[in-house]
Amino acid sequence: MDPAGEELADRIRAIVASGSDVEERRMFGIRAFLLDGRILAGARPGGVLLIKVAADDEAVLLLREGAARAVMGPRTMSARWIDVAPSAIADDDGLLFWIDAARAGAD
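Definitions and cut-offs
- Residues numbered from 1 in each chain as written.
- Predicted model: local features only at pLDDT ≥ 70, side-chain atom pairs only at ≥ 80, totals over all residues.
- Heavy atoms only, no water.
- Helix = DSSP H or I, 4+ residues; strand = E, 2+ residues; numbered from the N terminus.
- Buried < 20%, exposed > 50% of the residue type's maximum accessible area, 1.4 Å probe, protein only.
- Salt bridge = Lys/Arg side-chain N within 4 Å of Asp/Glu carboxyl O.
- Polar contact = N/O pair within 3.5 Å; in protein donor to acceptor, adjacent residues only side chain to side chain.
- Contact = heavy atoms within 4.5 Å.
- Expected span 1.5 Å × (residues − 1).
- Arc of directions from axis to C-beta.

Draft legend 1. How the structure looks around the environment of Gly37. Tracing the sequence through the fold places Gly37 in the loop between strand S2 (30–35) and strand S3 (38–44). Using a relative accessible area of 54% as the deciding quantity, one classes Gly37 as exposed. Considered as a pair, Gly37 and Glu24 are 13 residues apart in the sequence and their alpha carbons are 9.9 Å apart.

So, in structure tokens, the structure goes:
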């Protein structure tokens, strides 16, 4: 993981640390934060945030600046997976917004 990804992981950890129900793991080249065994958020290289959102929220969230359908390697990930650009999570309020969106999509 590069320094930007590690910094994002530290920021995510600070937000979710109070929830003992969140587990941290390295997987698929990211630092993943799992809720009930499922990825809640992931810190990707370059400081990109990976989240899974509720199906009902996906279309609206993809319209937000910095949000795009997640891509892993050469493949576009399935519906509900979103990559959030570092510019959209530059401050804590922005990151908290997206973590809350991920919590709403946790199933």
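Additional details are given in the paragraphs that follow.
Draft legend 2. Just the pattern of salt bridges, in detail. What the rule picks out here adds up to nine salt bridges. Residues Arg13 and Asp10 are paired through a salt bridge, measuring 2.6 Å at the closest nitrogen-oxygen approach. Here Arg13 pairs with Asp10, and both are found in helix H1 (residues 3–16), just three residues apart, close to one helical turn. When its relative accessible area of 43% is taken as the criterion, Asp10 is described as partly exposed. Salt bridges sharing common partners tie together Glu6, Asp10, Arg13, Glu24, Arg26 and Arg31.

Draft legend 3. Looking closely at the side chain of Arg31. For Arg31, the location among the structural elements is in strand S2. A distance of 3.5 Å separates the side chain of Arg31 from the side chain of Glu6, its partner in a polar contact. Reaching out from Arg31, the side chain makes a polar contact with the side chain of Glu24 at a distance of 3.4 Å. Ignoring sequence-local partners within four residues, the contact set of Arg31 consists of Met1, Glu6, Ala9, Arg13, Glu24, Arg25, Arg26, Ala41, Gly42 and Ala43.

Draft legend 4. Geometry of H1. The end-to-end C-alpha distance of H1 is 20 Å, a good match for the 20 Å that 14 residues give at a rise of 1.5 Å each. Taken residue by residue, H1 has Gly5, Leu8, Ala9, Arg11, Ile12 and Val16 as its buried positions. The buried side chains of H1 occupy one side of the element, clustering within an arc of 165° when seen end-on. When the buried face of H1 is taken as reference, the exposed residues oriented beyond 90 degrees from it are Pro3, Glu7 and Ala14.

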